[in-house]
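Survey of secondary and tertiary structure
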Amino acid sequence: MLKVLGGYPISQCRACVLIGVDPKTVRCKRPPDHGTIRVAMREVAGKRCRFGYRRIGVILERQGMIINHKKMYRLHREEGLSVRRRRGRKRARGSRTPIPVPLTPGARWSMDFVSDTFGASRKFRILAVNDACCRENLCLVGDTSISGARVARKLDTLVRLYGKPTCIVSDNGTEFTSRAILEWAGKNQVEWHYIDPGKPQQNGFIESFNGSLRDELLNEELFDSLADARRKLAIWRYDYNNIRPHSFLCRRRSRRI
């Protein structure tokens, strides 16, 4: 390229066309401008990796480096400091078949978690499993931490007591989408339906139960300890299943048909 330009009075663009070379490959690249600002940007981005160019610009202004926001955006892009937007976690979708109508006990179970506190504001969680047909509460498990493996073990216990359900409906919580639950559903050949995010009405049976649990027990009682909470949960569960009138069941006792 240099020999052609030196031996003939032609432009660089014409020489590139005659030789068949892209002009971008022969044109000299200018050194990056604002080297001091680029170094400062990289230092700030190294400490605060989730900061965009606007926040980095504010920090640089505090250090006395005032620069136009458009140029700051260009330098930020050229340095490869663009912040990638975090996408939502992939969630298990479960079965796509229509949710069966609960016409008989065991046709459909509904599951969800409820939270409360005991003692000096110590949080604990309650796993609730209900039969959507007869509205019977199958279990109320209270503990400070309930993992997916714990839920799977509890389901094994409920299957031995009440039989295997046709399907189970829950939200997309981490416990219900864990590997332990997916393996349990596949091993026991139980269809697992996950409701859409932000659509609690799709699992209205358990949401109604959660409202009754909170209104009649959690908001009325103070729990001194986890053992005290478990004892009161067991008493309330017995009352809910055997004594408390249910409007859905024509105010009869909630018993399995």
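Per the secondary structure count, the protein chain includes ten helices and five strands. Looking at the protein chain residue by residue over its 257 residues, the buried ones come to 38%. Taking contacts inside the protein chain between residues at least 6 apart in sequence as the whole, the part at least 24 apart equals 59%. A total of about 16,700 Å² of accessible surface is found on the protein chain, and carbon and sulfur atoms cover 51% of it.

All right, on to the environment of lysine 70 then. When you line up the elements, lysine 70 lands in helix H6 (residues 69-78). Take lysine 70: its relative accessible area is 61%, and that puts it in the exposed class. Distance from lysine 70 to arginine 54, taken between C-alpha atoms, is 9.9 Å for residues 16 residues apart in sequence.

So, on to the nonpolar core. Judged by nonpolar contacts, the single largest core of 22 residues is most densely connected at Met111, Leu127, Val151, Leu155, Trp184 and Trp192. Listed by contribution, the elements that provide at least two residues to this core are strand E1 (108-118), strand E2 (122-131), strand E3 (137-143), helix H7 (148-162), helix H8 (179-188) and strand E5 (191-194). At five residues, the largest contribution of residues to this core is made by H7. Excluding its chain neighbours within four sequence positions, the residues that come into contact with tryptophan 184 are Ala152, Leu155, Asp156, Val159, Ile168, Val190 and Trp192. The next biggest cluster of nonpolar side chains, apart from the first, holds 17 residues, and it includes Val114, Phe118, Ala229 and Trp236.

Look at helix H9 (residues 204-218): 20 Å from first C-alpha to last across 15 residues, which is about the 21 Å you get at 1.5 Å a residue. Considered for burial, the residues of H9 that qualify are Ile206, Phe209, Asn210, Ser212, Leu213, Leu217 and Leu218. For H9, the angular spread of the buried residues around the axis is 165°, confining them to a single face. If you follow the buried residues of H9, they end up packed against E1, E2, E3 and helix H10 (226-242).

Below, the discussion takes up the pattern of salt bridges. Applying the stated criterion across every chain yields a total of 14 salt bridges. Between glutamate 79 and arginine 42 there is a salt bridge, with the nearest N and O atoms lying 2.6 Å from each other. Linking glutamate 79 in the loop between H6 and E1 with arginine 42 in helix H4 (residues 35-47), this pair joins segments that are 37 residues apart in sequence. The class for arginine 42 is partly exposed, based on a relative accessible area of 39%. The closest approach of N and O atoms between aspartate 228 and lysine 232, which form a salt bridge, is 3.4 Å. With aspartate 228 and lysine 232 both in helix H10, this residue pair falls four residues apart, about one helical turn. Residue aspartate 228 shares its accessibility class with lysine 232, and that shared class is buried. Within this structure, Asp33, Arg38, Arg42, Arg74, Glu78 and Glu79 form a network of salt bridges that share partners.

Conventions adopted
- Residues numbered from 1 in each chain as written.
- Predicted model: local features only at pLDDT ≥ 70, side-chain atom pairs only at ≥ 80, totals over all residues.
- Heavy atoms only, no water.
- Helix = DSSP H or I, 4+ residues; strand = E, 2+ residues; numbered from the N terminus.
- Buried < 20%, exposed > 50% of the residue type's maximum accessible area, 1.4 Å probe, protein only.
- Contact = heavy atoms within 4.5 Å.
- Areas by Shrake-Rupley, 256 points an atom, 1.4 Å probe, with all protein chains shown as cover.
- Core = buried A, V, L, I, M, F, W, Y, C linked by side-chain atoms within 4.5 Å.
- Expected span 1.5 Å × (residues − 1).
- Arc of directions from axis to C-beta.
- Salt bridge = Lys/Arg side-chain N within 4 Å of Asp/Glu carboxyl O.

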